[in-house]
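These are the residues of each chain, in order.
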Amino acid sequence: MTVRLDGKVALVTGATAGIGLGVSTALAERGAHVVGMARTPETGAGVEADLAGADGSFTFVRGDANVREDCENAVDRCVEQHGRLDILINNAGHGFPLKRIEDFSDDDWSTVMSVDLRSTFQMCRRAIPIMQKQRDGVIINIASVVGTHAVERYGVYGAAKAAVSHLTRAIAIENLAYGIRANSIEMGAVATQHAADVLADMGRYVHQNPDWQPTPPVEGGEPTPLSKALLDAGSVGRAVAVLCSDDAREINGANIPMDGCFAAGFFASTLLHLGAAELLPG
């Protein structure tokens, strides 16, 4: 039976593309009233039109999650329009720049920490008092597998996402008596344009060639280990909807892997078997 969120009011950041769009769509289709924040009004208008026939609703609000006033405005819009805020999804984030630690400038550091950590903190700080008054609420913060598994050139981004997971656990503990649940999602690679850009950047780094381009996948060809590990944004959205529902009320203070088996060791297993195949006689 499909999880329902009828009448719930949800705020989603980075709501008009990738993971955020998948989450916004899943919540609205299940009856939630979604207020989606992003920086591009044109894209927001398109999502509003696409979700006009959903069981719930989608309202776009322009805002940058790095800006405190925009965060506060988005939360306030939820309360003004719907009288409450039941669900907060902190999805806005950005994986660039990818650099080794010694190559990070002060500006690079500030950018990553602002986009991937401070934005989540700002949204939670504004939303928590509202949920405390309601004595009910769900907060889901999008973290990353690189917050728990170190990856070259992801050191600063991973540090920011590790902090997001820790912040989430603290929120869960501090608000247990208020009936507020907080969980983070240890997100793996999702099949989005951003993920494609990141993988292309990694390829150029590995090949030491700024002009290197990935080989397009062969239509109908065998899936690669990487393609099997890429997640679908729609499927992610549906899984998040379950975590927002009362059916998941016992899940609190958790950092939940949603990563195509990455945390379980999928890539390590693949590399070990490929290495063994090279060593063994044919």
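Residues numbered from 1 in each chain as written. Predicted model: local features only at pLDDT ≥ 70, side-chain atom pairs only at ≥ 80, totals over all residues. Heavy atoms only, no water.

Draft legend 1. Fine view of the sheet that holds strand 7 (residues 255–258). Read across the sheet, seven strands follow the order 3-2-1-4-5-6-7 without closing on themselves; strand pairing throughout is parallel. Two strands close off the open sheet at either side, each with one partner strand: strand 3 (57–62) and strand 7. Taken over all neighbouring pairs, the strand axes of this sheet differ in orientation by 20 degrees on average, direction set aside. Where strand 6 (residues 180–187) and strand 7 come together, four bridges link them in parallel fashion. Bridged to isoleucine 185 within strand 7 is isoleucine 256. Packing of helix 5 (residues 155–174) onto the sheet brings it into contact with strand 5 (137–142), strand 6 and strand 7, and relative to strand 6 it is tilted by some 160 degrees. (Pairing = 2+ DSSP bridges. Helix = DSSP H or I, 4+ residues; strand = E, 2+ residues; numbered from the N terminus. Axes fitted to C-alpha atoms, helices over the stretch in contact; angles between N-to-C directions. Contact = heavy atoms within 4.5 Å.)

Draft legend 2. Just unusual backbone geometry, in detail. A positive phi angle is found at glutamine 208, which is not glycine, with a value near 50 degrees. Looking at the element boundaries, glutamine 208 is found in the loop between helix 6 (193–207) and helix 7 (225–229). For glutamine 208, a relative accessible area of 64% translates into the label exposed. With phi around 80 degrees, cysteine 261 is a residue other than glycine that occupies positive phi space. Turning to its location among the elements, cysteine 261 is positioned in the loop between strand 7 and helix 9 (266–279). (Buried < 20%, exposed > 50% of the residue type's maximum accessible area, 1.4 Å probe, protein only.)

Draft legend 3. Structural detail: helix 3 (residues 68–82). Given a rise of 1.5 Å per residue, 15 residues ought to cover 21 Å, and the 22 Å separating the end C-alpha atoms of helix 3 matches this to within 8%. Buried within helix 3 are the following residues: Cys71, Glu72, Ala74, Val75 and Cys78. Projected down its long axis, helix 3 shows its buried positions confined to an angular sector of 160 degrees, all on one face. Buried residues along helix 3 sit against strand 1 (9–13), strand 2 (33–38), strand 3 and helix 4 (106–134). One or two positions beyond helix 3, positive phi appears at glycine 83, with a value near 80 degrees. (Expected span 1.5 Å × (residues − 1). Arc of directions from axis to C-beta.)

Draft legend 4. Looking closely at the pairing of strand 2. The buried fraction of strand 2 is high, at five of six residues. Where strand 1 lies against strand 2, five bridges are found, and the strand directions are parallel. Bridge pairing in strand 2 places valine 12 opposite glycine 36. Bridging between strand 2 and strand 3 involves six bridges; their strand directions are parallel. Within strand 3, the residue paired with alanine 38 across the bridge is arginine 62.

Draft legend 5. How the structure looks around the nonpolar core. Ranked by internal contacts, the top residues of the largest apolar core, which has 35 residues, are Leu27, Ile89 and Met187. Taken together, the elements giving at least two residues each to this core come down to strand 1, helix 1 (18–29), strand 2, strand 3, strand 4 (87–90), strand 5, strand 6 and helix 8 (233–244). Ranked by residues supplied to this core, first place goes to helix 8 with six residues. With near-sequence residues (within four places) excluded, leucine 27 lies in contact with Leu5, Ala10, Val12, Ala32, Val34, Ile89, Ala241 and Cys244. Leu85, Ala127, Ile128 and Met131 belong to the second-largest nonpolar core, a separate cluster that totals 24 residues. (Core = buried A, V, L, I, M, F, W, Y, C linked by side-chain atoms within 4.5 Å.)

Draft legend 6. Structural view of the pattern of salt bridges. Overall, the coordinates contain ten salt bridges when judged by the stated rule. Here aspartate 6 makes a salt bridge to arginine 4, at a shortest N to O gap of 2.8 Å. A salt bridge links arginine 126 to aspartate 76; the shortest N-O distance between them is 2.9 Å. Note that arginine 126 is positioned in helix 4 and aspartate 76 in helix 3, a separation of 50 residues in sequence. (Salt bridge = Lys/Arg side-chain N within 4 Å of Asp/Glu carboxyl O.)

Draft legend 7. The arrangement of the state of the cysteines in detail. The full count for this structure, using the stated rule, is zero disulfides. No disulfide involves cysteine 78; its sulfur sits 12 Å from that of cysteine 71, the nearest cysteine. For cysteine 78, a relative accessible area of 0% translates into the label buried. Unpaired in terms of disulfides, cysteine 244 finds its nearest cysteine sulfur in cysteine 78, a separation of 13 Å. (Disulfide = S-S within 2.5 Å.)

Draft legend 8. Inspection of the side chain of serine 165 at higher detail. Assignment of secondary structure puts serine 165 in helix 5. What serine 165 contacts, discounting residues up to four positions off in sequence, is Ala143, Ser184 and Asn255.

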